[in-house]
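Listed here are the chains, written in short residue letters.
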Amino acid sequence: MLWVLLLLVAWGASAVSCIRLCLVTAGAAQRSAEAVRAPALHELNLYETAFLAGGPQRVADLALVSMHLRRRLLLAHTGWATVVDPEGRDEVERTVIRAIGPEGQSRIAPIRASAAAADAVRALADRLVAAGLAVPHGTRTTLASAVRAVRGAAVLVVVLAAAAVLLPGQEPGYAGPVVAWFGLPLVLTLGCLAIARVENHPYSPWASPSGQRWLDSLPAPVRGADRDLLAAVAVRGVGAVEDPGLRAALRDGRTAYTGH
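Residues numbered from 1 in each chain as written. Predicted model: local features only at pLDDT ≥ 70, side-chain atom pairs only at ≥ 80, totals over all residues. Heavy atoms only, no water.

Student: So what's going on with the side chain of histidine 68? Which residues, and what values?
Tutor: Here histidine 68 is to be found in helix H3 (residues 56-69). Contacts of histidine 68, omitting those with residues within four sequence positions, involve Leu73, Leu74, Leu75 and Leu246. (Helix = DSSP H or I, 4+ residues; strand = E, 2+ residues; numbered from the N terminus. Contact = heavy atoms within 4.5 Å.)

See below:
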């Protein structure tokens, strides 16, 4: 009964990965609830909102759009950025200008990557973590690893089930019961993934429960069209940009970065 051994392996992988995911999720929720918060932030600025909604890449996108709207930067639909005003208003903008380089022109993809990894964005993230609004980097990566482990266990169950059905020398009609037995650990892993998705969707993986409540409570901006667009980019990303040329510039840069 070699298929029984394969079934035990499938059950073991499924149980261990699902238990790990449950423990990691519970630990993250407990740490968020017990986080020692710094003095409450009176209002999230747009960079902080962008980080909670989309992480460092969203902060870089927001800076690029903001500088383009204020004529400090020209973003071409071809995916190139050109410096118009070399004086940034804040450290994130100054990081963008430094990323472009002394020639004053660069592809958007490396600018975005450099700005997202800059000290200014890391300091912003540290402030939000200290305030209990952002998920610490270690917690986020551990949770992602646990989810990948459950997905791997689900694939392993399917592979082992196929191997068990194809074993030579088995009696006719035995495939049905074997598939049914392997269906149990498969249901366990898929159910665990579904629960994890329901618990986290549509929430940002960057924001803690407190940070998500901040995002949900943000009022609609009323300080002009540019402010409205920047707020939309901070919350929803470059998909909120209606200008086809600007949207093409940002998406070309994102595609190039992803491909790299």
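Student: Give a detailed account of the pattern of salt bridges, specifying residues and quantitative values.
Tutor: For the structure shown, the criterion picks out five salt bridges. A salt bridge links arginine 112 to aspartate 61, with the shortest nitrogen-to-oxygen separation between them at 2.6 Å. Of the two residues, arginine 112 sits in helix H5 (residues 108-116) while aspartate 61 sits in helix H3, which places them 51 residues apart along the sequence. When its relative accessible area of 0% is taken as the criterion, arginine 112 is described as buried. Residue classification places aspartate 61 among the buried positions, given a relative accessible area of 0%. (Salt bridge = Lys/Arg side-chain N within 4 Å of Asp/Glu carboxyl O. Buried < 20%, exposed > 50% of the residue type's maximum accessible area, 1.4 Å probe, protein only.)

Student: Residue-level account of a nonpolar patch on the surface, with values.
Tutor: Together, Trp11, Trp181, Leu184 and Leu188 give the surface a local cluster of nonpolar side chains, amounting to about 370 Å² of exposed area. The element contributing the most residues to the nonpolar patch is helix H8 (residues 175-200), with three residues. Structurally, the position occupied by leucine 184 is in helix H8. Taking the relative accessible area as the measure of exposure, leucine 184 reaches 43% and is therefore partly exposed. (Patch = residues over 30% accessible without salt bridge, like charges linked within 9 Å, V, L, I, M, F, W, Y side chains within 5 Å. Areas by Shrake-Rupley, 256 points an atom, 1.4 Å probe, with all protein chains shown as cover.)

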